[in-house]
Amino acid sequence: MVNEKIRGAEGHLLHIYNRFPVALDHGEGVYLYDTEGKQYLDFAAGIGVNGLGYHNAELNDALKAQLDKLCHISNLYYHENCGAAADALAAASGMDKVFFTNSGAEAIEGALKTARKYAWTKKSGRYEFIAMNHSFHGRTVGAVSVTGHSEYREPFEPLFPGVHFAEYNDLDSVKALVSEKTCGIILEPLQGEGGIHPAAQEFMEGIRKLCDEQDILMICDEVQCGMGRTGTMFAWQGYGVRPDIMTMAKAIGNGIPVGAFAMTERVAEQSLKPGDHGTTYGGNPLACMAVRKVLEIFEKEQIVEHVKKIEPYLTARLDELTEKTDCILERRGKGLMQGLVLTKPFAEVNRRALEEGLLVISAEGNVLRLLPPLIIEEKHVDEMIEKLERALS
Ligand SMILES: *Cc1c(COP(=O)(O)O)cnc(C)c1O
(Lines give C-alpha, C1' and ligand atoms only; values in the text may rest on other atoms or scores of the structure.)
Protein backbone atom coordinates (compact mmCIF):
# COMPACT_ATOMS: atom_id res chain seq x y z
CA MET A 1 0.00 0.00 0.00
CA VAL A 2 2.98 2.34 0.43
CA ASN A 3 5.00 2.95 -2.67
CA GLU A 4 8.69 2.21 -2.20
CA LYS A 5 9.76 5.68 -3.23
CA ILE A 6 7.87 7.19 -0.31
CA ARG A 7 8.99 4.52 2.14
CA GLY A 8 12.59 4.77 0.96
CA ALA A 9 12.62 8.55 1.28
CA GLU A 10 12.11 8.15 5.03
CA GLY A 11 15.64 6.80 5.47
CA HIS A 12 16.94 9.91 7.14
CA LEU A 13 13.95 10.49 9.36
CA LEU A 14 14.56 9.37 12.91
CA HIS A 15 12.76 6.05 13.16
CA ILE A 16 10.45 6.81 16.02
CA TYR A 17 6.97 6.31 14.63
CA ASN A 18 5.58 2.91 13.74
CA ARG A 19 3.60 4.12 10.76
CA PHE A 20 0.66 2.22 9.35
CA PRO A 21 1.43 0.99 5.80
CA VAL A 22 -0.51 3.76 4.08
CA ALA A 23 0.79 6.84 2.24
CA LEU A 24 -1.92 9.46 2.11
CA ASP A 25 -2.27 12.00 -0.61
CA HIS A 26 -5.39 14.11 -0.16
CA GLY A 27 -8.71 14.33 1.60
CA GLU A 28 -12.27 15.41 1.01
CA GLY A 29 -14.85 15.72 3.79
CA VAL A 30 -14.54 12.59 5.95
CA TYR A 31 -12.56 10.60 3.37
CA LEU A 32 -8.84 10.32 2.74
CA TYR A 33 -7.18 8.99 -0.42
CA ASP A 34 -3.83 7.24 -0.65
CA THR A 35 -1.28 7.71 -3.40
CA GLU A 36 -2.93 4.94 -5.42
CA GLY A 37 -6.35 6.54 -5.17
CA LYS A 38 -7.76 4.11 -2.61
CA GLN A 39 -10.45 5.71 -0.44
CA TYR A 40 -10.45 5.50 3.38
CA LEU A 41 -13.28 6.46 5.70
CA ASP A 42 -11.51 8.45 8.38
CA PHE A 43 -12.46 7.70 11.98
CA ALA A 44 -9.12 8.99 13.32
CA ALA A 45 -9.11 12.62 12.10
CA GLY A 46 -5.33 12.90 12.40
CA ILE A 47 -5.67 11.99 16.12
CA GLY A 48 -8.62 14.26 16.71
CA VAL A 49 -7.23 17.25 14.84
CA ASN A 50 -9.33 17.45 11.69
CA GLY A 51 -12.65 18.19 13.38
CA LEU A 52 -13.95 19.85 10.24
CA GLY A 53 -12.62 17.07 8.04
CA TYR A 54 -10.62 17.75 4.89
CA HIS A 55 -10.67 20.35 2.17
CA ASN A 56 -12.99 22.77 3.89
CA ALA A 57 -13.12 25.44 1.20
CA GLU A 58 -13.97 28.33 3.49
CA LEU A 59 -11.13 27.55 5.89
CA ASN A 60 -8.63 26.88 3.11
CA ASP A 61 -9.51 30.10 1.28
CA ALA A 62 -9.00 32.12 4.46
CA LEU A 63 -5.64 30.42 5.09
CA LYS A 64 -4.45 30.95 1.51
CA ALA A 65 -5.39 34.61 1.64
CA GLN A 66 -3.56 35.00 4.96
CA LEU A 67 -0.49 33.24 3.62
CA ASP A 68 -0.31 35.74 0.79
CA LYS A 69 -0.50 38.64 3.22
CA LEU A 70 1.57 37.58 6.22
CA CYS A 71 2.46 34.29 7.82
CA HIS A 72 4.70 35.39 10.66
CA ILE A 73 5.60 38.68 12.32
CA SER A 74 6.70 37.63 15.89
CA ASN A 75 4.93 38.68 19.04
CA LEU A 76 6.70 42.04 19.05
CA TYR A 77 3.94 43.47 16.87
CA TYR A 78 0.18 43.58 16.80
CA HIS A 79 -1.89 41.62 14.33
CA GLU A 80 -5.67 41.67 14.27
CA ASN A 81 -6.01 37.85 14.02
CA CYS A 82 -4.35 37.43 17.40
CA GLY A 83 -6.90 39.32 19.46
CA ALA A 84 -9.78 38.10 17.31
CA ALA A 85 -8.78 34.44 17.80
CA ALA A 86 -8.42 34.99 21.57
CA ASP A 87 -11.84 36.68 21.70
CA ALA A 88 -13.41 33.76 19.90
CA LEU A 89 -11.74 31.21 22.22
CA ALA A 90 -12.70 33.19 25.31
CA ALA A 91 -16.31 33.38 24.11
CA ALA A 92 -16.36 29.65 23.37
CA SER A 93 -14.73 28.63 26.65
CA GLY A 94 -15.77 31.22 29.20
CA MET A 95 -12.10 31.71 30.09
CA ASP A 96 -10.75 35.25 30.30
CA LYS A 97 -7.15 35.26 29.05
CA VAL A 98 -5.55 33.20 26.30
CA PHE A 99 -1.92 32.49 25.31
CA PHE A 100 -1.25 30.82 21.95
CA THR A 101 1.30 28.02 21.62
CA ASN A 102 2.39 25.76 18.77
CA SER A 103 1.25 22.45 20.23
CA GLY A 104 -0.59 20.68 22.99
CA ALA A 105 2.54 19.89 24.98
CA GLU A 106 3.53 23.54 24.90
CA ALA A 107 0.09 24.48 26.17
CA ILE A 108 0.68 22.08 29.08
CA GLU A 109 4.08 23.65 29.78
CA GLY A 110 2.40 27.06 29.90
CA ALA A 111 -0.34 25.81 32.20
CA LEU A 112 2.23 24.34 34.62
CA LYS A 113 4.24 27.56 34.61
CA THR A 114 1.07 29.57 35.22
CA ALA A 115 0.22 27.48 38.28
CA ARG A 116 3.78 27.74 39.62
CA LYS A 117 3.83 31.50 39.06
CA TYR A 118 0.45 31.89 40.78
CA ALA A 119 1.83 30.15 43.87
CA TRP A 120 5.02 32.20 43.69
CA THR A 121 3.07 35.47 43.45
CA LYS A 122 1.00 34.48 46.46
CA LYS A 123 4.14 33.40 48.34
CA SER A 124 2.27 30.24 49.27
CA GLY A 125 5.31 27.98 49.06
CA ARG A 126 3.29 25.62 46.87
CA TYR A 127 4.93 23.98 43.87
CA GLU A 128 3.70 20.40 43.62
CA PHE A 129 1.23 18.96 41.14
CA ILE A 130 -1.21 16.10 41.38
CA ALA A 131 -1.74 14.31 38.07
CA MET A 132 -3.61 11.12 37.14
CA ASN A 133 -2.54 7.59 36.35
CA HIS A 134 -3.12 6.76 32.66
CA SER A 135 -3.08 10.44 31.76
CA PHE A 136 -1.40 11.82 28.68
CA HIS A 137 -0.26 15.42 28.41
CA GLY A 138 2.43 15.40 25.71
CA ARG A 139 6.12 14.64 25.17
CA THR A 140 8.07 17.63 26.43
CA VAL A 141 9.80 17.22 29.78
CA GLY A 142 7.18 19.14 31.75
CA ALA A 143 4.33 17.36 30.00
CA VAL A 144 5.93 13.94 30.48
CA SER A 145 6.40 14.81 34.16
CA VAL A 146 2.62 14.93 34.62
CA THR A 147 1.90 11.99 32.31
CA GLY A 148 0.89 8.87 34.24
CA HIS A 149 2.46 6.34 31.95
CA SER A 150 5.77 4.84 33.10
CA GLU A 151 7.02 3.86 29.61
CA TYR A 152 6.91 7.51 28.55
CA ARG A 153 8.62 8.65 31.74
CA GLU A 154 11.25 6.22 32.96
CA PRO A 155 13.96 6.67 30.28
CA PHE A 156 13.97 10.41 30.97
CA GLU A 157 13.98 10.49 34.75
CA PRO A 158 14.61 12.41 36.90
CA LEU A 159 11.82 14.61 35.62
CA PHE A 160 10.19 17.75 36.97
CA PRO A 161 10.06 17.27 40.77
CA GLY A 162 7.00 17.32 42.99
CA VAL A 163 4.47 15.42 40.86
CA HIS A 164 2.22 12.84 42.50
CA PHE A 165 -0.14 10.48 40.69
CA ALA A 166 -3.67 9.72 41.83
CA GLU A 167 -6.21 7.24 40.48
CA TYR A 168 -8.54 8.76 37.93
CA ASN A 169 -12.15 8.92 39.17
CA ASP A 170 -11.03 8.16 42.75
CA LEU A 171 -11.41 11.36 44.71
CA ASP A 172 -10.04 9.83 47.91
CA SER A 173 -6.80 8.98 46.13
CA VAL A 174 -6.49 12.65 45.14
CA LYS A 175 -7.30 13.87 48.63
CA ALA A 176 -4.66 11.57 50.07
CA LEU A 177 -1.99 13.36 47.99
CA VAL A 178 -3.05 16.96 48.67
CA SER A 179 -0.73 18.87 50.95
CA GLU A 180 0.17 22.46 51.77
CA LYS A 181 2.64 22.16 48.87
CA THR A 182 0.08 21.35 46.15
CA CYS A 183 -0.27 24.16 43.61
CA GLY A 184 -2.25 22.42 40.87
CA ILE A 185 -4.30 19.37 39.98
CA ILE A 186 -4.19 18.45 36.30
CA LEU A 187 -6.55 16.10 34.51
CA GLU A 188 -8.25 15.33 31.21
CA PRO A 189 -12.06 15.46 31.59
CA LEU A 190 -12.01 12.43 29.27
CA GLN A 191 -8.76 10.50 29.13
CA GLY A 192 -7.83 9.82 25.52
CA GLU A 193 -4.48 8.02 25.05
CA GLY A 194 -5.03 6.34 28.42
CA GLY A 195 -7.91 4.27 27.06
CA ILE A 196 -11.01 6.51 26.68
CA HIS A 197 -12.06 7.00 30.29
CA PRO A 198 -14.66 9.73 30.93
CA ALA A 199 -14.48 11.53 34.28
CA ALA A 200 -17.34 10.89 36.69
CA GLN A 201 -19.49 13.92 37.57
CA GLU A 202 -18.64 13.55 41.30
CA PHE A 203 -14.95 13.38 40.48
CA MET A 204 -14.97 16.66 38.56
CA GLU A 205 -17.10 18.34 41.23
CA GLY A 206 -14.97 16.91 44.04
CA ILE A 207 -11.75 18.21 42.51
CA ARG A 208 -13.30 21.64 41.99
CA LYS A 209 -14.34 21.74 45.65
CA LEU A 210 -10.96 20.56 46.86
CA CYS A 211 -9.22 23.23 44.77
CA ASP A 212 -11.56 25.97 46.02
CA GLU A 213 -11.06 25.02 49.66
CA GLN A 214 -7.27 25.05 49.46
CA ASP A 215 -6.48 27.63 46.77
CA ILE A 216 -5.16 24.94 44.42
CA LEU A 217 -5.57 25.52 40.67
CA MET A 218 -7.63 23.05 38.68
CA ILE A 219 -6.12 22.48 35.24
CA CYS A 220 -8.20 20.74 32.56
CA ASP A 221 -6.37 19.35 29.56
CA GLU A 222 -8.81 19.72 26.67
CA VAL A 223 -6.26 19.09 23.93
CA GLN A 224 -8.06 15.96 22.74
CA CYS A 225 -11.52 16.07 24.32
CA GLY A 226 -12.15 19.77 23.63
CA MET A 227 -13.53 21.60 20.60
CA GLY A 228 -16.92 19.99 20.46
CA ARG A 229 -15.76 16.40 20.50
CA THR A 230 -17.82 15.30 23.51
CA GLY A 231 -20.95 17.26 22.65
CA THR A 232 -20.08 20.50 24.44
CA MET A 233 -17.53 22.99 23.14
CA PHE A 234 -15.15 21.93 25.92
CA ALA A 235 -15.63 18.72 27.87
CA TRP A 236 -15.59 20.46 31.28
CA GLN A 237 -18.66 22.43 30.21
CA GLY A 238 -20.57 19.15 30.15
CA TYR A 239 -19.93 18.85 33.90
CA GLY A 240 -20.64 22.48 34.77
CA VAL A 241 -17.23 22.50 36.48
CA ARG A 242 -15.02 25.36 35.37
CA PRO A 243 -11.26 24.92 35.68
CA ASP A 244 -8.88 27.73 36.57
CA ILE A 245 -6.60 26.93 33.65
CA MET A 246 -7.30 24.91 30.52
CA THR A 247 -5.22 23.71 27.61
CA MET A 248 -6.27 23.26 23.99
CA ALA A 249 -4.65 22.27 20.71
CA LYS A 250 -5.45 19.49 18.18
CA ALA A 251 -8.79 20.58 16.65
CA ILE A 252 -8.54 24.32 17.30
CA GLY A 253 -6.54 24.83 14.11
CA ASN A 254 -7.92 21.88 12.09
CA GLY A 255 -4.38 20.95 11.04
CA ILE A 256 -2.50 24.24 11.26
CA PRO A 257 -0.19 23.65 14.26
CA VAL A 258 -1.63 25.72 17.07
CA GLY A 259 -2.42 25.29 20.73
CA ALA A 260 -3.40 27.54 23.59
CA PHE A 261 -3.72 27.75 27.31
CA ALA A 262 -6.37 29.91 28.88
CA MET A 263 -7.15 31.02 32.40
CA THR A 264 -9.57 32.98 34.51
CA GLU A 265 -9.02 36.66 35.27
CA ARG A 266 -8.20 35.79 38.89
CA VAL A 267 -5.35 33.52 37.81
CA ALA A 268 -4.11 35.89 35.10
CA GLU A 269 -3.84 38.78 37.55
CA GLN A 270 -1.57 36.77 39.82
CA SER A 271 0.52 34.72 37.45
CA LEU A 272 2.39 35.23 34.17
CA LYS A 273 3.61 38.77 33.50
CA PRO A 274 5.66 40.22 30.62
CA GLY A 275 8.99 38.40 30.56
CA ASP A 276 7.75 35.24 32.23
CA HIS A 277 6.88 33.29 29.10
CA GLY A 278 6.94 33.57 25.34
CA THR A 279 7.19 31.87 21.97
CA THR A 280 8.49 32.99 18.60
CA TYR A 281 5.93 31.33 16.35
CA GLY A 282 3.07 30.94 18.82
CA GLY A 283 -0.09 32.75 17.77
CA ASN A 284 1.23 33.97 14.45
CA PRO A 285 -1.20 35.47 11.92
CA LEU A 286 -1.62 32.19 10.03
CA ALA A 287 -2.24 30.09 13.16
CA CYS A 288 -4.63 32.68 14.53
CA MET A 289 -6.50 32.88 11.22
CA ALA A 290 -6.99 29.13 11.51
CA VAL A 291 -8.42 29.42 15.03
CA ARG A 292 -10.58 32.39 14.08
CA LYS A 293 -12.01 30.71 11.04
CA VAL A 294 -12.45 27.29 12.67
CA LEU A 295 -14.47 28.85 15.47
CA GLU A 296 -16.50 30.88 13.00
CA ILE A 297 -17.33 27.73 11.05
CA PHE A 298 -18.16 25.87 14.28
CA GLU A 299 -20.72 28.51 15.08
CA LYS A 300 -22.15 28.94 11.61
CA GLU A 301 -22.48 25.22 10.98
CA GLN A 302 -23.53 24.41 14.54
CA ILE A 303 -20.89 21.74 14.85
CA VAL A 304 -21.38 21.16 18.59
CA GLU A 305 -25.14 20.70 18.12
CA HIS A 306 -24.37 18.30 15.29
CA VAL A 307 -22.13 16.21 17.57
CA LYS A 308 -24.91 16.07 20.15
CA LYS A 309 -27.34 14.98 17.48
CA ILE A 310 -25.17 12.24 15.96
CA GLU A 311 -23.86 10.83 19.29
CA PRO A 312 -26.92 8.68 20.15
CA TYR A 313 -26.83 7.09 16.70
CA LEU A 314 -23.11 6.33 16.92
CA THR A 315 -23.32 4.92 20.44
CA ALA A 316 -26.39 2.82 19.60
CA ARG A 317 -24.67 1.30 16.57
CA LEU A 318 -21.47 0.69 18.56
CA ASP A 319 -23.42 -0.89 21.43
CA GLU A 320 -25.18 -3.15 18.99
CA LEU A 321 -21.81 -4.17 17.50
CA THR A 322 -20.35 -4.71 20.99
CA GLU A 323 -23.32 -6.88 21.91
CA LYS A 324 -22.94 -9.22 18.95
CA THR A 325 -19.15 -9.31 18.64
CA ASP A 326 -17.22 -11.67 20.91
CA CYS A 327 -13.93 -9.82 20.65
CA ILE A 328 -15.35 -6.50 21.91
CA LEU A 329 -15.61 -6.42 25.70
CA GLU A 330 -16.98 -2.94 26.22
CA ARG A 331 -17.68 0.46 24.66
CA ARG A 332 -16.62 3.60 26.52
CA GLY A 333 -16.69 7.28 25.66
CA LYS A 334 -18.68 10.39 25.09
CA GLY A 335 -19.77 12.15 21.92
CA LEU A 336 -17.43 11.44 19.03
CA MET A 337 -14.63 10.19 21.30
CA GLN A 338 -15.32 6.50 21.67
CA GLY A 339 -13.33 3.40 22.54
CA LEU A 340 -13.96 -0.31 22.08
CA VAL A 341 -12.06 -2.62 24.40
CA LEU A 342 -10.83 -5.52 22.26
CA THR A 343 -9.74 -9.03 23.14
CA LYS A 344 -8.00 -9.47 19.75
CA PRO A 345 -4.74 -7.57 19.26
CA PHE A 346 -5.44 -4.09 17.89
CA ALA A 347 -2.72 -4.44 15.24
CA GLU A 348 -4.53 -7.39 13.70
CA VAL A 349 -7.88 -5.59 13.60
CA ASN A 350 -6.23 -2.45 12.25
CA ARG A 351 -4.56 -4.34 9.42
CA ARG A 352 -7.96 -5.69 8.37
CA ALA A 353 -9.59 -2.25 8.81
CA LEU A 354 -7.01 -0.70 6.47
CA GLU A 355 -7.81 -3.35 3.87
CA GLU A 356 -11.47 -2.42 4.25
CA GLY A 357 -10.60 1.25 3.82
CA LEU A 358 -11.23 2.40 7.39
CA LEU A 359 -8.88 4.46 9.55
CA VAL A 360 -9.01 3.99 13.32
CA ILE A 361 -6.40 4.33 16.07
CA SER A 362 -5.60 2.64 19.33
CA ALA A 363 -5.43 3.69 22.96
CA GLU A 364 -3.92 2.14 26.09
CA GLY A 365 -5.40 -1.18 27.17
CA ASN A 366 -5.97 -2.66 23.68
CA VAL A 367 -8.67 -0.09 22.99
CA LEU A 368 -9.74 0.70 19.45
CA ARG A 369 -10.23 4.46 19.48
CA LEU A 370 -12.67 6.30 17.24
CA LEU A 371 -12.14 10.05 16.76
CA PRO A 372 -13.94 10.86 13.51
CA PRO A 373 -14.20 14.34 12.02
CA LEU A 374 -17.09 16.07 13.80
CA ILE A 375 -18.98 16.44 10.53
CA ILE A 376 -19.80 12.72 10.09
CA GLU A 377 -23.37 11.81 9.17
CA GLU A 378 -25.39 8.70 9.98
CA LYS A 379 -24.43 7.15 6.65
CA HIS A 380 -20.75 7.38 7.63
CA VAL A 381 -21.51 5.69 10.94
CA ASP A 382 -23.23 2.88 9.00
CA GLU A 383 -20.28 2.57 6.65
CA MET A 384 -17.84 2.47 9.58
CA ILE A 385 -19.88 -0.24 11.35
CA GLU A 386 -19.97 -2.38 8.21
CA LYS A 387 -16.23 -2.09 7.65
CA LEU A 388 -15.39 -2.60 11.31
CA GLU A 389 -17.61 -5.62 11.54
CA ARG A 390 -15.71 -7.22 8.67
CA ALA A 391 -12.37 -6.20 10.18
CA LEU A 392 -13.31 -7.85 13.46
CA SER A 393 -14.58 -11.08 11.94
C1 LIG B 1 -2.20 15.06 22.01
C2 LIG B 1 -2.31 15.47 23.43
C3 LIG B 1 -1.38 16.33 24.03
C4 LIG B 1 -0.11 16.76 23.34
O5 LIG B 1 -0.34 17.53 22.22
P6 LIG B 1 0.86 17.71 21.14
O7 LIG B 1 0.28 18.72 20.19
O8 LIG B 1 1.09 16.39 20.54
O9 LIG B 1 2.02 18.23 21.88
C10 LIG B 1 -1.62 16.77 25.31
N11 LIG B 1 -2.71 16.37 25.99
C12 LIG B 1 -3.64 15.54 25.46
C13 LIG B 1 -4.83 15.16 26.25
C14 LIG B 1 -3.45 15.05 24.17
O15 LIG B 1 -4.34 14.19 23.66
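Rules behind the numbers
- Residues numbered from 1 in each chain as written.
- Predicted model: local features only at pLDDT ≥ 70, side-chain atom pairs only at ≥ 80, totals over all residues.
- Heavy atoms only, no water.
- Near = heavy atom within 4 Å.
- Polar contact = N/O pair within 3.5 Å; in protein donor to acceptor, adjacent residues only side chain to side chain.
- Areas by Shrake-Rupley, 256 points an atom, 1.4 Å probe, with all protein chains shown as cover.
- Nonpolar A, V, L, I, M, F, W, Y, C, P; charged D, E, K, R; others polar.
- Helix = DSSP H or I, 4+ residues; strand = E, 2+ residues; numbered from the N terminus.
- Contact = heavy atoms within 4.5 Å.
- Axes fitted to C-alpha atoms, helices over the stretch in contact; angles between N-to-C directions.
- Left-handed = near helix turned anticlockwise from the far one by under 90°.
- Domains from an automatic or database assignment.
- Buried area = accessible area lost by both parts, 1.4 Å probe.
- Salt bridge = Lys/Arg side-chain N within 4 Å of Asp/Glu carboxyl O.
- Buried < 20%, exposed > 50% of the residue type's maximum accessible area, 1.4 Å probe, protein only.

### Here's the deal with the site of the ligand
Next up, step 1: Taken together, the neighbourhood of the ligand is formed by Ser103, Gly104, Ala105, Phe136, His137, Gly138, Glu188, Asp221, Val223, Gln224 and Lys250.
Next up, step 2: Contact distances for the ligand include 3.4 Å between a nitrogen atom and a backbone N or O atom of Phe136.
Next up, step 3: Contact distances for the ligand include 2.8 Å between an oxygen atom and a side-chain N or O atom of Gln224.
Next up, step 4: Alone, the ligand offers 380 Å² of accessible surface; in the complex the protein occludes 81% of this.
Next up, step 5: Residues that form the shell around the ligand fall into these classes: three nonpolar, five polar and three charged.

### Structural notes on the side chain of Thr147
Next up, step 1: Along the chain, Thr147 turns up in the loop between helix H6 (141–145) and helix H7 (150–153).
Next up, step 2: Those residues in contact with Thr147 that sit more than four places away from it in its chain are Ser135, Phe136, His137, Gly138, Tyr152, Arg153 and Phe165.

### Remarks on the packing of helix H4 (residues 80–93) against helix H11 (residues 285–300)
Next up, step 1: The geometry of H4 relative to H11 is characterised by a closest axis approach of 8 Å and an angle of 35° between their N-to-C directions. Here H4 and H11 pass one another in a crossing that is left-handed. For the pair H4 and H11, contact is made by Glu80, Asn81, Cys82, Ala84, Ala85, Ala88, Leu89 and Ala92 and by Pro285, Cys288, Met289, Val291, Arg292 and Leu295, respectively.
Next up, step 2: For the contact of H4 with H11, a count of residues per class yields eleven nonpolar, one polar and two charged.

### Quick word on the domain arrangement of the protein chain
Next up, step 1: Entries for the protein chain in the domain assignment read domain 1 (9–42 + 303–369 + 379–392) and domain 2 (59–300).
Next up, step 2: Once you take the C-alpha centre of each, domain 1 and domain 2 turn out to be 27 Å apart.
Next up, step 3: Taking both partners together, domain 1 and domain 2 bury about 1,600 Å²; carbon and sulfur atoms supply 59% of that area.
Next up, step 4: Sorting the residues of domain 1 by area buried against domain 2 places Lys334, Met337 and Glu364 first, and these three jointly supply 42% of that buried surface.
Next up, step 5: Summed over the shared surface of domain 1 and domain 2, the number is one salt bridge.
Next up, step 6: Of the charged contacts in the structure, one is a salt bridge between Arg369 and Glu193, with a shortest N-O distance of 3.1 Å.

### Structural notes on the environment of Val30
Next up, step 1: Take Val30: it is sitting in the loop between strand E1 (24–28) and strand E2 (31–34).
Next up, step 2: Look at Val30 and you get buried, because its relative accessible area is 3%.
Next up, step 3: Here the alpha-carbon distance between Val30 and Asp382, two residues 352 residues apart in the chain, equals 13 Å.
Next up, step 4: Ignoring sequence-local partners within four residues, the contact set of Val30 consists of Tyr40, Leu41, Asp42, Pro373, Ile375, Ile376 and His380.

### Here's the deal with the pattern of salt bridges
Next up, step 1: In this structure the tally under the stated criterion is 24 salt bridges.
Next up, step 2: Between Arg266 and Asp215 there is a salt bridge, with the nearest N and O atoms lying 3.4 Å from each other. Taken together, the positions of Arg266 in helix H10 (residues 265–269) and Asp215 in the loop between helix H9 (201–214) and strand E10 (217–221) put the pair 51 residues apart, joining distant regions of the chain.
Next up, step 3: Across the pair Lys324 and Glu389 runs a salt bridge whose closest N-O atoms are separated by 3.2 Å. Residue Lys324 is located in helix H12 (residues 303–324), and its partner Glu389 is located in helix H14 (residues 378–392); the two are separated by 65 residues in the primary sequence.
Next up, step 4: Since its relative accessible area comes to 30%, Glu389 is described here as partly exposed.
Next up, step 5: Three or more residues joined by partner-sharing salt bridges are found here, namely Lys122, Arg208, Asp212, Asp215, Asp244 and Arg266.

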